[in-house]
Amino acid sequence: MAEMIKLFVNGEEVEVESGKNLIDAVGAVGIEIPHFCYHPALGADGNCRMCLVGIEDGRPPLVPACKTPAAEGMKVQLDTDKIKKIQRDMMEFELINHPIDCPVCDQAGECTLQDYYMTYDGVSSRMNVEQVKKAKKLDFGGGVVHDQERCVLCGRCVRFCRQITKTGELGIVNRTDSARVDIFPGRPLNNRYALNVVDLCPVGAMTSADFRFKQRVWFLKKDEGICHGCSKGCNIFIDHNREKYKDDTIYRFRPRHNDQVNGYFICDEGRLSHKKENEGRLLESLKNGKPYNLTESYVLAQKAITNAENVLILVSPNLPLEQLVATQVFAQKIGASLSGYSDGYIVKGDGDDFLIQDDKAANRKGLELLGINTGGDFFWDSLEKAECFICIDNELPAVDTKRLIKALRETKVIALSSHHFNLVDQAFVAIPVASFSEYGGSIINCDGVLQSFQAAVVKNTPIADVTEVLRRLGGPLSSAPEVLAAIHRVEGPLAKVDFNRIPAEGLKL
Amino acid sequence: MSAKVKVVKRKGDTLPEKLYLVEVLKGMKTSFGHFWRNLRDNSRLYVRHYPEQQPEITPRWRGRHRLTTHEDGSIKCVACFMCQTNCPSRCIMIEAGERLDDRDEKLPVRFDIDLLECIYCGYCVEACPKDAIRMDTGIFSLVEHNREKMLVGLDELAATPGAFTEDDYQKRGL
Amino acid sequence: MSNVDILLVILRVSFGAFVPLCFIAVLVWMERRGAGFFQDRSGPNRANIFGFRAAGLVQNLADAAKLIFKEDVVPGHIKHKFYFIFAPAIVFFTAVASFAVVPFADTLVIGDKSYVMQAIPTDVGILWFLALAGFAVYGIILAGWASTNKYGMLGGLRAAAQVISYEIPMGLALVSLLAVYGTVNLSEMAQFQGQLLFGFIPMWGVILQPLGLIIFVVAAFAEANRTPFDLAEGESELVAGFHVEYSAMKFAVFFMGEYVAMFTSSAIIVTLFFGGYQIPWLNTETLVVYAKPVAVVLMLLLPVLMYYFAGWIRKSNVSHYDRPNDPRRREAAVYIKILWGVVAIMELILLAILLSPSGGVATRIFVAELQIATFLLKTTLMCFVYVWVRWTLPRFRYDQLQKLGWQTLLPLSLLNIFITGAVVVAVS
């Protein structure tokens, strides 16, 4: 815990952490200082002048809050007429050439300019000259669409490309009212974190081509979730909405701040992985690739399991601990071998030193902690012996297909899957299960941080998760406390974890 | 008791009123007067012979919606969803798309109004920043044989003309 | 039994059974158009067959067709289906059966035999009516209870309490009336009213028992569950009361039962207080003697009345908006032609009466027909009073209803008995 200091804001004494600038320090106790260009991940720039605050008896008496460290006994003025006038003047200045096309702007509803106008300005424009026209709808590449007219030139996007991705594709060219953010000719934004500029942009200048015009943001329900795109486990907001007469659909993922895991950002691949939650989903049970009654499918699967001498269960490394342990207990009960073979999920050399990892499985650490065998030899040996092969959501990427076909020739395949893939369509019985946005659970990321998440999306016809499906197939675990008790029985660091009290930023194991 | 209190004598205290029967007969006399008048001359009934006689619709009347267009026939709506956001009965369903003419960036590719759910409050008209939706078609009688047909789409909404001149419409609130 | 006997039995029974049924249509029409006119509306006037709307009567056919072909729903929660279906039948049957004792003409004398003109020629008379009218409420209570519905139950209970309260003043009002007439037989009562008081006032019940009339009429309204006493239905608080769970024809049977009850109680009121079938100053013997002059007067009067009626039709049956080549005028012309045809036939019948020997069977039948017509006219007017009251008075509150029954009508009827008793004793 940092040292606490006392200072005065508008004459009232507040206690804040030392070593922070004024925006962060007083922001932590709920006092907002307006700002455009400052972002905690990008540092202070001091170009927007929106955060100017008065310091009583100070030299100088007027300072940008983003550049001023909080000091003991400082007397910060935010509500004097002078400061209010400065804020109003800054807003007027920002809005001189702003097109005010909020009706067609995707940022409307989460736009800093809109919010500040309502809070700090609220007066009509006095301008009676033509507005400066700039380029609109510029394709910057990387799925980013730029509108120069809406830009307030805070430079967050430019600094992001220089400081965070260190690619420096963006720059501010020209001066005064011709100044605009632009790319260098022929060098589009092509880094793997480019879409973060859409979140960073305080106004609607940067919009995502993927999300563009899909929804107005105030319709979206913003639930917390964890990206399952790789083993980093970045924290995200799952923005979803159930339109009238339609099903609950995810429209975008946005990064959620978590210093222990991902900071303020996520990669583009993870951000766009929301499409996978909507598309290619297995929604009804199949028998030999054809739609089949769900109840009957359970009966068929159960029969196949009981009739088989040797059963092999293959789990996905994406499943949360709860579902893995349910599978484990189920396997013990029916005497099946359980494999977590998922070498195909690792893409060598794909990761970087920021967020993206080689391992695309969200919960491999959990698999290991539960003691599930992930070895290839064990998997192939068991598969050749098995008369019944239960594949739980493991899409078997980069697996030797010929060897698999050969091994499965005499085997009844039961697939529990959230998505369609080859094995599902060829399986004897395929039963749909929920995907990660539809259930809650706990996963452990590559750095050993245990994080829990809740279900965000509720489909019109909810799909059962793996625990529930296994219960219907005769699994012994039927309730959440039973599942947690089963996890606690496993030797190792998980035995002592209180799963109901995992902190928001995750628990480092 | 302050000066502003006005004491009104309670009615119905006289003997004939208390007997009730006298008052009943008085009332029956009144109602029979109406009956007799209408029986003798039924041209004086206070009724409109709908549907042969249609009511006169004023420009302030909120009838079925329509989407207005520019002079060149392109739709004024920019799919800002203000009407959908404001709609208390959630009867407007819009899907936005990229607009390729020079007027704007965005336009509706789907604009459905479920007339069965609509309560004709007119909030959509008030919310519209572009004067793109109006309820001035003068259509007040909507009947269909099934629910699906009560869902009017973009084409129909844009094709319906307004029932009033632009002047009359603009003056409606004054 | 001779053929004439059998024929007359058939005639009387069918009169007692079918006239109330026919009057359902007339009353529904009268109620709806009457309501319209009372409220300055026009009432049902659109349903038509080939453009003929018969002043709105065709609407009844449309309603009947609708009710017959509607799905007959018996809600799933109803445990006693038999009682549920039986209840409307009770209401309807008791209403029709209670009309059976009402005389609609004086005793017909053909040759040496006389025939009482009642569907059921019984001596119990008014007691039969009281018994069946009291029984009708069982249908309502049963309907309310069998519906397994709180509104239905409350409606049924209200009806029960109301009928108990109002049967007492009704019965007591009748007691004084019986003291005057000295008989319970309705036929004899009607004959009694053919006399003249002081030689020039018809000795009707209304003259002899004005207080009795008021009490009886109020109680009869309450018994028939009509406004202002229709709390059993009470749509503002009970949705529809006892028939809230009923649909299609079962509902229609309740509805028809209500109108038959209204017709029957009108007939009883007419018989008890307004001289029944008696034409004022012309009792049966006088009529038989003066049959020919009466026929002549009628022959002269009919065309005159028809002339004015035709004028009214021509004036009323038009479209009240700008309509080229108005089909309603053509419609009116057809009606007028038909009615003139009816008048012509009636003139011929009257002529036949004139030419037949006086005092014979033909004269007696003519007199009976005149009396039937008088009776139906009086009853229709009484039914109109029902309609009139319904569209004038608002519904009572339930406590007001009970207060009126117990604290006003009961003492008044007792007082009436004492006064009547004193007068009767004094006169005799």
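Before reading further, recall that the structure is shown in the block above.
Worth saying up front: this structure is predicted, and the values here are computed from it rather than measured.

About the cut-offs
- Residues numbered from 1 in each chain as written.
- Chains lettered and ligands numbered in written order.
- Predicted model: local features only at pLDDT ≥ 70, side-chain atom pairs only at ≥ 80, totals over all residues.
- Heavy atoms only, no water.
- Helix = DSSP H or I, 4+ residues; strand = E, 2+ residues; numbered from the N terminus.
- Buried < 20%, exposed > 50% of the residue type's maximum accessible area, 1.4 Å probe, protein only.
- Contact = heavy atoms within 4.5 Å.
- Salt bridge = Lys/Arg side-chain N within 4 Å of Asp/Glu carboxyl O.
- Axes fitted to C-alpha atoms, helices over the stretch in contact; angles between N-to-C directions.
- Parallel < 35°, antiparallel > 145°, perpendicular 65-115°, else oblique.
- Left-handed = near helix turned anticlockwise from the far one by under 90°.
- Nonpolar A, V, L, I, M, F, W, Y, C, P; charged D, E, K, R; others polar.
- Phe/Tyr/Trp six-rings, centres within 6.5 Å; stacked < 30°, edge-to-face > 60°.
- Patch = residues over 30% accessible without salt bridge, like charges linked within 9 Å, V, L, I, M, F, W, Y side chains within 5 Å.
- Areas by Shrake-Rupley, 256 points an atom, 1.4 Å probe, with all protein chains shown as cover.
- Expected span 1.5 Å × (residues − 1).
- Buried area = accessible area lost by both parts, 1.4 Å probe.
- Polar contact = N/O pair within 3.5 Å; in protein donor to acceptor, adjacent residues only side chain to side chain.
- Core = buried A, V, L, I, M, F, W, Y, C linked by side-chain atoms within 4.5 Å.

Trainee: Before we move on, could you go through the environment of A:K20 and cite the residues and values that matter?
Mentor: Residues and elements named next belong to chain A. With respect to the helices and strands, the residue K20 is situated in the loop between β2 (12-17) and α1 (22-27). Given the relative accessible area of 29%, K20 is considered partly exposed. Ignoring anything within four residues of it in the chain, the contact list for K20 reads A25, T68, P69 and A70.

Trainee: Could you give an account of the pattern of salt bridges, naming the residues involved and the relevant values?
Mentor: Residues and elements named next belong to chain A. Counting across every chain of the model gives 54 salt bridges over all chains. For the salt bridge of R252 with E110, the shortest nitrogen-to-oxygen distance reads 3.0 Å. One end of the pair, R252, is in strand β13 (residues 248-255); the other, E110, is in the loop between α2 (81-95) and α3 (112-121), with 142 residues separating them in the sequence. Given a relative accessible area of 9%, R252 falls into the buried group. Here E110 falls in the partly exposed class, since its relative accessible area comes to 27%. With a shortest N-O distance of 2.8 Å, D239 and R254 are connected by a salt bridge. Remark: R254 occurs in strand β13 and D239 occurs in strand β12 (residues 235-242); sequence separation between them is 15 residues. Like D239, the residue R254 is buried in the burial classification.

Trainee: Account for the packing of helix α1 (residues 3-38) of chain C against helix α14 (residues 361-390) of chain C, with residues named and values stated.
Mentor: Residues and elements named next belong to chain C. Where α1 meets α14, the closest approach of the two axes is 10 Å, and the angle between their N-to-C directions is 40 degrees. Taken together, the axis directions place α1 and α14 in an arrangement best described as oblique. Of the two possible hands of crossing, α1 and α14 adopt the one that is right-handed. Contacts from F15, V19, F23, L27, M30, E31 and F38 in α1 reach I372, L376, T380, C383, F384, V387, W388 and R390 in α14. In terms of residue class, the contact of α1 with α14 is built from 12 nonpolar, 1 polar and 2 charged.

Trainee: With reference to specific residues and values, describe the packing of aromatic side chains.
Mentor: Taken as a whole and assessed by the stated rule, the structure comprises 47 aromatic pairs over all chains. Both rings, one in A:F253 and one in A:F436, keep their centres 6.3 Å apart while their planes meet at 55 degrees; by these two values the pair is tilted. Separated by 183 residues along the polypeptide, A:F253 in strand β13 and A:F436 in the loop between β20 (429-432) and β21 (441-444) bring together distant segments of the chain. On the accessibility criterion, A:F436 (10% relative accessible area) is buried. Centroid distance C:F229 to C:F396: 5.3 Å. Interplanar angle 20 degrees. Geometry classified as stacked. In this pair, C:F229 sits in the loop between α8 (210-223) and α9 (235-238) while C:F396 sits in the loop between α14 and α15 (398-427), placing the two residues 167 residues apart along the sequence. Across the pair, C:F396 and C:F229 agree in class, each one buried. By way of ring pairs, the aromatic residues B:F32, B:F35, B:W36, C:F37, C:F38, C:F384 and C:W388 are connected into one cluster.

Trainee: Before we move on, can you summarise a nonpolar patch on the surface with the specific residues and values?
Mentor: Residue and element names in this part refer to chain C. A surface patch of nonpolar side chains, about 760 Å² in accessible area, is lined by I49, F50, F52, L61, V334, I338, V342 and M346. Per element, the largest residue contribution to the nonpolar patch is 4 residues, and it comes from helix α13 (residues 327-355). As for its placement among the helices and strands, I49 is situated in the loop between α1 and α2 (58-69).

Trainee: Run through helix α9 (residues 321-334) of chain A, naming residues and quoting values.
Mentor: Residues and elements named next belong to chain A. Over its 14 residues, α9 runs 20 Å from end to end, which matches the ideal 20 Å to within 8%, given 1.5 Å per residue. Counting buried residues along α9, 11 of its 14 residues qualify, which places the element largely inside the surrounding structure. If you check which residues of α9 are buried, you get L321, E322, Q323, L324, V325, A326, T327, Q328, V329, F330 and A331. G335 lies just past α9 and shows a positive phi near 70 degrees.

Trainee: So what about the interface of chain A and chain B? Which residues, and what values?
Mentor: In this complex, chain A contributes 17 residues to the contact, which on the side of chain B involves 24 residues. Together chain A and chain B conceal approximately 1600 Å² of surface at their shared face, both sides included; 53% is due to carbon and sulfur atoms. As a salt-bridge pair, B:E95 and A:K246 come within 3.0 Å of each other at their nearest N and O atoms. The tally of links from chain A across to chain B stands at 11 residue pairs in polar contact (both at pLDDT 80 or more). Of the residues belonging to the side of chain A that touches chain B, the class tally is 6 nonpolar, no polar and 11 charged.

Trainee: Now, about the nonpolar core: what can you tell me, with residues and values included?
Mentor: For soluble globular proteins, nonpolar side chains are generally found buried alongside one another. In this structure, A:L170, A:M206, A:I313 and A:I390 are the most contacted members of the largest nonpolar core, which totals 106 residues. Ignoring anything within four residues of it in the chain, the contact list for A:I390 reads A:I305, A:V311, A:L312, A:I313, A:L314, A:F330, A:I414 and A:L416. Counting residues in each nonpolar core, the second largest holds 75 residues, with C:I110, C:I126, C:A190 and C:Y386 among its members.

Read these as layout, nothing more, since geometry by itself doesn't imply function.
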